[in-house]
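Each chain, letter by letter, is given below.
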Amino acid sequence: MKGSAISLKDNLSALRARKTFQRAVNIRSHIIRLFLHIFLIVVAFVFLYPFLYMMITSVKSESDLRNLSVVWIPTQLHWKNYVTAAAYLDIPVHLKNSLMITIFSTIGHILSASFIAYGLARFKFRGRTLMFCIVIFSIIVPPQLVLLPQYMMYSSMGMINTYFPIVLPTFFGYGLRGGLYIFLFRQAYLGMPTEIEDAAQVDGYGYLSIYWRIALPMMRPSIVVSCLVSIVWHWNDYFEPSVYLLQIHRLPLPSMLVTVFNGTRDVMDAILNDKLDMLVTDGVVMAAIVICILPVLLVFTFIQRGFVEGVERSGLVE
Amino acid sequence: MRREMSIEKRKKVYGYIFTSPFILGSLLFFAYPIIMSLVFSFSQYKNLANINEMKFIGLANYIEAFFVNVNFVPAFLTVIRDTLLNTPLIVLFSLFLAFCLNKEMRGRVVYRTLLFLPFILGSGLIFKYLMFTGDTETTMELINGIATPSVIQSMFGPKVSNLFSVFFSRITIVLWKSGLQILLFLSALQNISPSLYESAKCDSATEWEIFWHITIPMVSPMILINIVYTIIDSFSDVNNKVMLYFEQVAFSSLRFDFAAAMSWIYFLFIMLLISLVFLIMRRRVFYSAVVGKGGRR
């Protein structure tokens, strides 16, 4: 009787101790979480600040822009800035151009990079190291260095004023920093155990179908990342379009920002030319910038949901 | 024995099949411009209209870059110093941030989108506009996010507050430049199989041990790529001193030959630096799949 009472008491105290321990752990993890939130909010604020400034300036009227006391809260929402900006940007035409360039180049990068990197990561052959060196080499070369010969080359092929100089190289692992995606996929393949692919090989799959059906689906995080990066870079790039696309109606949307930057800012000039609607203020410039980044921001938010944690990739027992 | 050989051979052939687009692309889009720019760097041309009329002048352009020109070498040294300072900061910071963003918590999607804002804003014309036009003071304040608080200035005097602003601006540069690196680390963290963590927890490993013995080795391939990319990005940043100078020489003075020679010096140096990184990292990067180095795993 007595022994069991003691053990019961012991059990109780043990239970209590455990509970306090649990609580301590909980409190600790809460505190860590709190600090994490604070840290992230501070960092996010640094980034949000210019963005907020842009958004608010984009709806400021001219008198608000002149008034130094109006910083964060405009006296009225001046949506006309967006109308003017849209008129400058000529959205339907250039949005279509942007979409063409971005979509095809991104597809090209992902297909070619994942394919080429699979060869570099999984097969041993003469010249593999050299080829990898060329991949790195191709990222390092500053675009200005090869600009002139490249232009001469494409113009002799009759590709100036088409999207081919921008889109075509992406299907061969080149294009806008194409080597980076090959590097990325190579690292990802090398970081992945080969058991499943070996098993598939034993089951009689060919290498091409192993790549397409097994290796590529497991690369989901890398595909999401290269998709995001390639979209953002192609969307924002102004260097290649400004070199290869000489006609204005072929330019992508963000390249049209230049016309807004160079638009008339002089009120008298605008009145004389009967173009008061097209008067550019800081508000109009910001509105144009917001229009240009909005599509890519939406796409970005949407695609980054593809980051799902803890994808159990197989029933593999390691 | 014969069968073994044939499998080896087949693998070789497939290696070439998989890399064939790259071989083709190199020949089509890369070889000609690279060789031509090398030729440019060793020559001098008369006028831009007839570019084929070039004269071979040997190493004269290179000698000019090193010994005659007064702008190139100092700008070069500044860029090297900035790169060496920023790269470790950017890589460490982005690893830490990716680790935070990968944690299960409320508002994760919002934080992720916010933290990638600079990545979206920070490339292209928009950034260039914010950097180079308009009121520079507000722009710097915008980009820094926080200007040095005036309290600090009044309490510690200009010297300390200057130190503060240097410190803050370096931090914010790091923040602005680490978008891609965070993304890459995030993808690497998600590639780690949860079963690894579970088995580690069953062996009663602490968070700290898990971080050092599972997370770090598993993301080490991405650490390599991030170091390499950060170095390249820092060197090929359009707004750094050397690049601005190249642009000036090539497009304002129209001396493509001289610009090509300087670019070659520049990027042979980058190549050297990157090879050094590969050499140092070689034994420290952990690959789950090792092909062709004395058996797998």
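Numbering of residues begins from 1 in every chain and follows the order in which that chain's sequence is written. Here every chain gets a letter starting at A, and every ligand a number starting at 1, in the order they are written. Totals for whole chains, interfaces and linings use every residue, but because this is a predicted model, local features are given only for residues with pLDDT of at least 70 and side-chain atom pairs only at 80 or more, for both listing and counting.

Along its length, chain A carries 15 helices and zero strands. With C-alpha atoms as the basis for the radius of gyration, the globule rule is written as 2.2 Å multiplied by the number of residues raised to the power 0.38. Relative to its length of 318 residues, chain A is extended, with a C-alpha radius of gyration of 28 Å against a globular reference of 20 Å. Summarising its shape, the C-alpha atoms of chain A cover approximately 105 × 65 × 30 Å along the three principal directions. The exposure scheme places C-beta atoms from the backbone and then counts, for each residue, the other C-beta atoms within 10 Å of its own, assigning buried at 20 or more, exposed at 12 or fewer, and partly exposed in between. By the burial criterion, 41% of the 318 residues in chain A qualify as buried. What counts as a contact here is a pair of residues whose C-beta atoms, placed from the backbone, lie within 7 Å. Taking the contacts inside chain A whose residues are at least 6 apart along the sequence as the reference set, 76% of them involve residues at least 24 apart. Numbering of helices and strands runs from the N terminus; a helix is a DSSP stretch of H or I covering at least four residues, while a strand is a stretch of E covering at least two.

Another aspect to go through is the overall build of chain B. Looking only at helices and strands, one finds 13 helices and two strands in chain B. Counting all 297 residues of chain B, 33% fall into the buried class. Sequence-distant contacts, at least 24 apart, represent 68% of the contacts inside chain B between residues at least 6 apart.

Here we take up the packing of helix α2 (residues 60-68) of chain B against helix α13 (residues 256-281) of chain B. All names here are of chain B. Orientation is described by axes fitted as lines to C-alpha atoms, over the contacting stretch for helices, and by angles from 0 to 180 degrees between their N-to-C directions. Across the interface, α2 lies against α13 with an axial gap of 9 Å and an inter-helix angle of 70 degrees. As far as their axial angle goes, α13 and α2 are roughly perpendicular. When you trace α2 past α13, the crossing you get is right-handed. On α13, the residues that touch Asn 61, Tyr 62, Glu 64 and Ala 65 of α2 are Asp 257, Phe 258, Ala 261, Met 262 and Ile 265. Throughout this description, any angle smaller than 35 degrees is read as roughly parallel, any larger than 145 degrees as roughly antiparallel, any in the 65 to 115 degree range as roughly perpendicular, and the remainder as oblique. Crossing chirality is assigned from the near helix's rotation relative to the far helix, an anticlockwise turn below a right angle marking it left-handed and a clockwise turn marking it right-handed.

Residue and element names in this part refer to chain A. Among all positions in helix α3 (residues 80-89), only Asn 81, Thr 84, Ala 85, Tyr 88 and Leu 89 are buried. Buried positions in α3, seen along its axis, are confined to an arc of 130 degrees and lie on one side of it. On the buried face of α3, the contacting elements are α4 (91-122), α13 (257-261) and α15 (282-303). Two residues or fewer past α3, Asp 90 is found with a positive phi of approximately 55 degrees. Note: the arc covers the axis-to-C-beta directions of the helix.

All names here are of chain B. Here Phe 185 is to be found in helix α9 (residues 179-191). Residue classification places Phe 185 among the buried positions, given that 26 C-beta atoms sit within 10 Å. The contacts of Phe 185, once residues within four sequence positions are left out, are Ser 94, Leu 95, Ala 98, Val 219, Met 222 and Asn 226.

Another point: the domain arrangement of chain A. Domain annotation of chain A identifies domain 1 (2-57) and domain 2 (90-262). All the domain ranges listed were derived from an automatic or database domain assignment. Measuring from the centre of the C-alpha atoms in domain 1 of chain A to the corresponding centre in domain 2 of chain A gives 43 Å.

In this section: the interface of chain A and chain B. Between chain A and chain B, the residue contacts involve 84 residues of the former and 79 residues of the latter. Put simply, the parts of the chain that give the side of chain A that touches chain B at least two residues each are α1 (2-57), α4, α5 (128-140), α6 (143-156), α8 (178-190), α11 (220-236), α13 and α15 of chain A. At 14 residues, α1 of chain A tops the list of elements feeding residues into the side of chain A that touches chain B. In terms of residue class, the side of chain A that touches chain B is made up of 62 nonpolar, 14 polar and eight charged. For this classification, the nonpolar set comprises Ala, Val, Leu, Ile, Met, Phe, Trp, Tyr, Cys and Pro, the charged set comprises Asp, Glu, Lys and Arg, and every other residue, Gly included, is treated as polar.

A word on unusual backbone geometry. Note: most residues except glycine have negative phi, and most peptide bonds are trans. Even without glycine at this site, Asp 90 of chain A takes up a positive phi of about 55 degrees. Looking at where Asp 90 of chain A falls in the secondary structure, it is placed in the loop between α3 and α4.

A few words on the environment of Gln 247 of chain A. Residue and element names in this part refer to chain A. Inspection of the secondary structure assignment puts Gln 247 in the loop between α12 (239-244) and α13. Looking at Gln 247, the number of C-beta atoms within 10 Å reads 8, which means it is exposed. As for Gln 247 and Asn 161, which are separated by 86 residues in sequence, their C-alpha atoms are 6.8 Å apart.

Turning next to the packing of α3 of chain A against α15 of chain A. Residue and element names in this part refer to chain A. One can describe the packing of α3 onto α15 by two numbers: an axis separation of 8 Å at closest approach and a directional angle of 65 degrees. By the angle between their axes, α3 is roughly perpendicular relative to α15. As for how α3 packs across α15, the hand of that crossing is right-handed. Facing Asn 81, Tyr 82, Thr 84, Ala 85, Ala 86, Tyr 88 and Leu 89 of α3, the residues of α15 in contact are Gly 283, Val 284, Ala 287, Ala 288 and Ile 291.

Per-chain confidence: chain B averages 77 in pLDDT, with 77% of residues scoring 70 or above. The predictor rates its confidence in each residue with pLDDT, a number between 0 and 100. A low-confidence stretch, residues 144-152 of chain B stays under pLDDT 50, and its non-local contacts, those more than four residues away or across chains, total 17 contacts.

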